[in-house]
Amino acid sequence: MIDNVIYLDLETTGLYKDRDEIIELGAVKIVDGEVHEYHQLVNPSIDHIPLVILDLCKGLKEEDLRKSPSFDEIKDSFLEFIGDYPLICHNARFEKGFLEAKLGWLNNIFLDSLELFVIFKPHFPQHNLNHLIQNYLGEDREEEHRALEDALDTRRAVEKLMGDLCLLDADLLEKAMRYMEGTTWNWLPYLKNIPISPLRHTSERAVSHNWEEPTAHGLGDLGLDDMGYILRDQERWRKHLPSYEFKEHQLDIAQSIIDVFEGEQALFLEAPTGSGKTLPYLAAAFLWSHFMDEKVFISTNTKNLQQQIQEEMPKIAGALGLENFRVSDLKGISNYACRSKIDDEVGVKPRNLDEALAKLFLYCWSMRTSSGELQDISYWFRMNNKYMNSLSKRVHCRKENCAGDGCEQRDLCFY
């Protein structure tokens with residue numbers, strides 16, 4: 001689906017193109033289906049190579065770098081290899097900045113695979129190469145942080161994404177083709193070459209967020225009176241919380257919460273930070289909801305604590321052996337995007353390429369997010385598109401202009 005391009009990656013002594021230097025180049029060139037690889041270590045002119053860089057780049061040794069040619073000595077062979085082919089990089093601004101600092105202006109078109117993933121997989125919690133390797137390519141390994149290996153992984157991730165756009169995400173691809181038609185978006189010619197499969201999957205807008213955990217031990221004949229036995233079963237807990245150790249005061253907390261639930265009473269409890277309050281009250285809440293078939297509401301003072309609880313819930317439910325627990329994460333109305341406002345914004349013709357990309361991203365995000373919380377919008381995209389922040393502010397849900405039951409999007413409303 002994508003040919004006559006080069007996947008490129010650099011390793012450097014740091015993040016700043018003005019004072020750091022390139023220490024490794026790796027590239028994979030695909031020309032008429034044939035694959036050619038390029039790999040070169042580079043001896044930097046700086047006296048000290050940070051240890052954190054050598055630790056990060058697997059297998060890279062300073063003595064190997066010191067034996068290697070300087071960038072000036074290899075630049076001609078590098079330029080000959082890349083020619084005038086388009087360069088695909090994961091976060092292309094980084095590679096482009098370092099190369100132009102060394103070579104001056106480059107005529108090559110840069111294509112950012114990170115941008116492509118952020119737009120078409122906006123619901124992913126992260127889009128860095130390490131996350132894609134483990135959670136998209138499904139491999140039990142980490143990013144190598146080596147130039148050639150990372151270029152190869154970028155190619156594999158992009159080619160899988162192209163396959164998804166052909167089948168699973170064909171609806172987003174068709175929207176992107178119509179919306180970006182006539183713009184100078186570098187990815188547009190390549191996306192036009194993707195054939196839409198007749199077996200395409202047409203997805204509807206996401207309306208809910210559920211998670212499921214496989215049963216661990218299960219509860220069997222256990223009941224609310226068996227809280228002590230459940231919390232003392234360290235094997236049960238360590239499968240989900242490896243550092244778990246039974247603590248008597250956690251049992252006291254959990255049992256106290258069960259008691260006040262049964263007596264329809266109130267309990268005021270105070271304990272120091274780090275003493276482990278969250279686990280017992282969540283365990284008690286899960287068990288009470290399970291055995292009594294009742295909803296339990298947990299209200300927090302901060303969004304950070306709310307997020308912490310969200311992260312702990314699947315682990316605790318898994319340890320308890322509870323399947324298919326349904327959890328709703330509720331926030332104030334201004335935290336959510338309004339679908340009607342998104343449709344209105346996308347319907348207004350963008351003034352330039354960056355605004356078009358921002359609106360395309362917002363549309364794709366609204367189709368794929370299950371929460372609709374604006375804080376979930378990619379931080380990278382916010383930082384790299386000057387229209388995103390102002391656009392996200394314009395699509396906030398607000399009570400004063402909410403149509404409520406009269407809204408055409410009522411059944412799909414994130415809030």
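Residues numbered from 1 in each chain as written. Predicted model: local features only at pLDDT ≥ 70, side-chain atom pairs only at ≥ 80, totals over all residues. Heavy atoms only, no water.

**Some points on the environment of Asn384**
So, point 1. Its place among the elements puts Asn384 in helix H17 (residues 379-384).
So, point 2. On the accessibility criterion, Asn384 (25% relative accessible area) is partly exposed.
So, point 3. With 30 residues separating them along the chain, Asn384 and Asp354 place their C-alpha atoms 9.4 Å apart.
So, point 4. A distance of 3.2 Å separates a polar atom in the side chain of Asn384 from a polar atom in the side chain of Arg93.
So, point 5. At 2.7 Å, the side chain of Asn384 forms a polar contact with the backbone oxygen of Trp380. (Helix = DSSP H or I, 4+ residues; strand = E, 2+ residues; numbered from the N terminus. Buried < 20%, exposed > 50% of the residue type's maximum accessible area, 1.4 Å probe, protein only. Polar contact = N/O pair within 3.5 Å; in protein donor to acceptor, adjacent residues only side chain to side chain.)

**Looking at the packing of helix H5 (residues 113-120) against helix H7 (residues 147-166)**
So, point 1. With their axes 11 Å apart at the nearest point, H5 and H7 run at an angle of 35° to one another. H5 and H7 meet at a crossing whose hand is left-handed. Each of Ser113, Leu116, Phe117 and Phe120 in H5 lies in contact with H7, whose residues at this interface are Thr154, Ala157, Val158, Leu161, Met162 and Leu165.
So, point 2. Grouping the constituent residues of the contact of H5 with H7 by class yields eight nonpolar, two polar and no charged. (Axes fitted to C-alpha atoms, helices over the stretch in contact; angles between N-to-C directions. Left-handed = near helix turned anticlockwise from the far one by under 90°. Contact = heavy atoms within 4.5 Å. Nonpolar A, V, L, I, M, F, W, Y, C, P; charged D, E, K, R; others polar.)

**Considering the environment of Leu8**
So, point 1. Its place among the elements puts Leu8 in strand E1 (residues 5-12).
So, point 2. With 362 residues separating them in the primary sequence, Leu8 and Ser370 have C-alpha atoms 34 Å apart.
So, point 3. Beyond its immediate stretch of four places on either side in the chain, Leu8 contacts Gly26, Ala27, Phe78, Leu87, Ile88, Cys89, Glu95, Leu99 and Ala151.

**Notes on the packing of aromatic side chains**
So, point 1. Evaluated as defined, the whole model comprises 13 aromatic pairs.
So, point 2. Taken together, a centroid distance of 5.8 Å and an interplanar angle of 55° make the contact between Tyr336 and Tyr415 tilted. Remark: Tyr415 occurs in the segment after helix H18 (388-394) and Tyr336 occurs in the loop between helix H14 (303-320) and helix H15 (339-347); sequence separation between them is 79 residues.
So, point 3. Among the residues examined, Tyr415 registers a relative accessible area of 48% and is labelled partly exposed.
So, point 4. Sitting above the plane of the Tyr363 ring, Lys175 keeps its charged end 4.8 Å from the centroid. (Phe/Tyr/Trp six-rings, centres within 6.5 Å; stacked < 30°, edge-to-face > 60°. Lys NZ or Arg CZ within 6 Å of the ring centre and 35° of its normal.)

**Things to note about the sheet that holds E1**
Sheet strands pair via backbone hydrogen bonds, and the direction of the pair is either parallel or antiparallel.
So, point 1. Read from one edge to the other, the open sheet built from five strands follows the order E3-E2-E1-E4-E5, with strand pairing classed as mixed. Here the strands that pair on one side only, and so sit at the sheet edges, are strand E3 (34-41) and strand E5 (110-112). The mean inter-strand angle of the sheet, taken between neighbouring strand axes irrespective of direction, is 25°.
So, point 2. In this structure, strand E4 (residues 87-89) lies alongside E5, joined through three bridges in parallel fashion. When the bridges of E5 are listed, Leu87 appears paired with Phe110.
So, point 3. Contacts between helix H3 (residues 71-82) and the sheet are confined to E1, strand E2 (22-31), E3 and E4, with E3 contributing the most and set at about 170° to the helix. (Pairing = 2+ DSSP bridges.)

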